[in-house]
Amino acid sequence: MTATLAPGRAETPPHAPGSPARRRRGSAARRRRWSIALMLAPTLLGLAVFFVYPLVANLYFSFTRYDLVSAPQWNGFSNYVYLFTKDPRIVTAALNTLWFVVVLVPVRIVCSLAVAGLLLRARSAGGIWRTIFYLPALVPPVASVVAFVFLFNPGTGPVNLVLKSLGIPGPLWFNDPALAKPSLVLLGVWVMGDVMIILLAALLNVPRDQYEAASLDGANGVQKVRYVTIPSIAPVLLFALVTGMIAALQYFTEAAVASGVASGRSGAASGGLAADIGYPEDSLLTYTQWLYVRGFANFQLGYAAAMAVVLFVVASVFVALLLRKSRAFSPEDFS
């Protein structure tokens, strides 16, 4: 039986703009969008309050003269001009920080990878050895630095006492400008457990059949590492490199505590961080330490904000370059 339409009315196609089906689909899509927005709202709100607003406020303060007491006074690019042309210690601080980025980060990753490879082959008491190598990472940074400076004390430290018993003159370690930064590298290697455990997990996920295939092809140990291990864990290596580089650009606590303890002066008795910053001879002066002194010891918050903006830009550029380079992290690039 054929349905009869009412006179003067035409049947509306199901997909026409005004059809009921189209309206229902549009209403469902709007509800989905609102649901997604509500689920993302806490994250977006936190991002706006704790990242976007501080970033914008810091950018504004970097163009002002601000001492945290009086109202900010606009001074244009004066802070940036002084930063790049007149600050007497900014070059030293920047070079020291770059040294930690270039030396400390790769050394920690290479040592962590080597230890992870050894632990992977441990057939007995593997869990105990993993715990032993990871435990130093749980020590608070201040405590680990104080302990290390004590161990490497030039006069009474156990390391120099052992060297003296062997007839070797002990160096000054943290009191020598040439050895202060390498001594902190030794500390960084000692507390490498956080990187080591990540790389160990990555090595455990490398397919064993790839090593067997490489052995059948006549590959030796070095070739297996180059053509099998490194390509398989390349994303994890990139993660360790990016996070390590960001941490090195913000290197503060270890260098500041080492300077204070090695100088033999307590912060409370010597006027705080600014009194012994960079000891010995500015060899441990990092960019973030100088930022802290400028902002909270000299109350030059506007200038410190400008330094923070420059640090953010440099870190962003470094990360962007690393992520762009990561596109080449494929097995073909190691052939």
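Position numbers for residues count from 1 along each chain, tracking the sequence in the order it is written. In view of the model being predicted, local features appear only for residues whose pLDDT reaches at least 70, and side-chain atom pairs are presented and counted only at 80 or more, with totals across whole chains, interfaces and linings using the full set of residues. Note that water and hydrogens are dropped before the side-chain values are worked out from all heavy atoms of the structure.

Let us look at the packing of aromatic side chains. Two aromatic rings from Phe, Tyr or Trp, using only the six-membered ring of Trp, form a pair when their centres are within 6.5 Å; if the ring planes differ by under 30 degrees the pair is stacked, by over 60 it is edge-to-face, and anything between is tilted. Within the structure shown, the criterion is met by 16 aromatic pairs. With 5.3 Å between their ring centres and 75° between their planes, Tyr-82 and Tyr-303 make a pair best called edge-to-face. In this pair, Tyr-82 sits in helix H2 (residues 78-85) while Tyr-303 sits in helix H15 (residues 301-325), placing the two residues 221 residues apart along the sequence. An aromatic cluster of at least three residues, connected via ring pairs, comprises Tyr-60, Phe-61, Phe-63, Tyr-66, Trp-74, Phe-77 and Tyr-80. Think of it this way: any DSSP run of H or I at least four residues long counts as a helix, any run of E at least two long counts as a strand, and we number them from the N terminus.

It is worth spelling out the layout of surface pockets at this point. Considered as a void within the structure, the largest pocket measures approximately 590 Å³ in volume. Only protein atoms enter the 1 Å grid used here, on which a cavity is any set of points holding a 1.4 Å probe that cannot leave and a pocket is any open set flanked by protein within 12 Å on both sides along at least five of seven lines; residues with an atom within 4 Å of a point are listed as lining. Taken together, 27 residues line the largest pocket, and the ones lying closest to its centre are Arg-108, Val-191, Asp-194, Ala-247 and Glu-254. If you tally residues by element for the lining of the largest pocket, the top one is helix H11 (residues 234-249), at six residues. Asp, Glu, Lys and Arg are counted as charged, while Ala, Val, Leu, Ile, Met, Phe, Trp, Tyr, Cys and Pro are counted as nonpolar; the rest, among them Gly, fall into the polar class. Of the residues contributing to the lining of the largest pocket, the split by class is 18 nonpolar, six polar and three charged. Grid points are joined across faces, edges and corners, and a volume is the space filled by probe spheres set on the points.

This brings us to the packing of H2 against H15. Between H2 and H15, the least distance of the axes is 9 Å, while the angle of their chain directions is 70°. For the element pair H2 / H15, the angle class is roughly perpendicular. Between H2 and H15 lies a crossing whose hand is right-handed. Counting all contacts with H2, which are made through Asn-79, Tyr-80, Tyr-82, Leu-83 and Phe-84, the residues of H15 involved are Gly-302, Tyr-303, Ala-306, Met-307, Val-309 and Val-310. When its residues are assigned to classes, the contact of H2 with H15 shows nine nonpolar, two polar and no charged. For every element, the axis is a line fit to its C-alpha atoms; helices are fit only across the contacting stretch, and the angle between N-to-C directions ranges from 0 to 180 degrees. Here is the rule for angles: anything less than 35 degrees is roughly parallel, anything more than 145 is roughly antiparallel, 65 through 115 is roughly perpendicular, and the remaining ranges are oblique. Handedness of a helix crossing follows the sense of rotation of the near helix relative to the far helix, less than a right angle counterclockwise being left-handed and clockwise being right-handed. Residues are treated as being in contact if the distance between any of their heavy atoms lies within 4.5 Å.

By themselves, these figures tell us nothing about what the structure is for.
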